[in-house]
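# A look at the structure
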Amino acid sequence: MTTSYAVLLRGINVSGSTQVPMADLRETLGGLGLEAVRTHLRSGNAVFRAPGGGRQGDDALRARIEAALGERFGSAIGCVVRDAAYLETVVARCPFDAEALEGRQLHVTYFSAPVDPARLADLDPGAYLPEAFRLGDRALYLLAPDGVGRSKLAAALGRPGRYPGVVATSRNWNTAVRLMELTHG
């Protein structure tokens, strides 16, 4: 039995970072025996089919993909792999009114492992209003009404060292929904 997955690469194709052409990403993933590989946007999103499912399947695929990317591109590229059911759950459990927001106002940070809520205890939610965040299952939802580029809360949430040993990569709401759709289609 095969499962649909999405892989989200962290920190590629931005100024000063590793450049990963999407054709090369598709070729690398296909070389691992992953099926029906498609990319979405230039920011390191791909969907594919592979045997397995569940958290152990996600972690095993992540390790294989990271190793292949490191070999192909000569540098470590962190990623998060999630199956279609997980992506559907992330969209369904959004604690904010996504229908009333523009895609640039709502973001999801996907984590490679669970994040201890204590890692966020130093943040005073009232200090960032009207911005807000909620921690979910290996995901963090960020409401940034003026966009993430101007968000003081996004900067505080993304502070280096906040999530030691965990790969974290963010996508706007439009991309989160589209990846869910692509893994179901």
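Below, the structure is looked at part by part.

Another aspect to go through is the side chain of threonine 109. Turning to its location among the elements, threonine 109 is positioned in strand E5 (residues 106-111). There is a polar contact of 2.5 Å between the side chain of threonine 109 and the side chain of serine 170. Once residues lying within four places of it in the same chain are set aside, the contact partners of threonine 109 are Arg138, Ala139, Leu140, Ala168, Thr169 and Ser170.

An order of E2-E3-E1-E4 is seen for the four strands of this open sheet, with the pairing classed as antiparallel. Strand pairing shows two members of the sheet lacking a second neighbour, strand E2 (35-40) and strand E4 (79-83), which therefore form its edges. Neighbour-to-neighbour, the strand axes of the sheet open up by a mean angle of 25 degrees, direction not taken into account. Examined bridge by bridge, E2 and strand E3 (residues 45-51) share four bridges and lie antiparallel to one another. By the bridge assignment for E3, arginine 38 is matched with valine 47. The strands that helix H1 (residues 22-31) touches are strand E1 (2-9), E2 and E3; relative to E2, the one it contacts most, it runs at about 155 degrees.

Here we take up the pairing of strand E6 (residues 132-135). Note that E6 and strand E7 (residues 139-143) share four bridges and pair antiparallel. Counted as the bridge partner of alanine 132 is leucine 143 from E7. From the end of E6 to the start of E7, which pair antiparallel, there are three residues, and arginine 138 there has a positive phi angle of about 55 degrees.

Of note, the bond from leucine 129 into proline 130 is cis; its omega dihedral lies within 30 degrees of zero at 10 degrees. Positionally, proline 130 belongs in the loop between E5 and E6. Positive phi outside glycine occurs at leucine 41, with the angle close to 65 degrees. Here leucine 41 shows up in the loop between E2 and E3.

Cut-offs used in this document
Residues numbered from 1 in each chain as written. Predicted model: local features only at pLDDT ≥ 70, side-chain atom pairs only at ≥ 80, totals over all residues. Heavy atoms only, no water. Helix = DSSP H or I, 4+ residues; strand = E, 2+ residues; numbered from the N terminus. Polar contact = N/O pair within 3.5 Å; in protein donor to acceptor, adjacent residues only side chain to side chain. Contact = heavy atoms within 4.5 Å. Pairing = 2+ DSSP bridges. Axes fitted to C-alpha atoms, helices over the stretch in contact; angles between N-to-C directions.

Just geometry here; none of it tells us what the structure is for.
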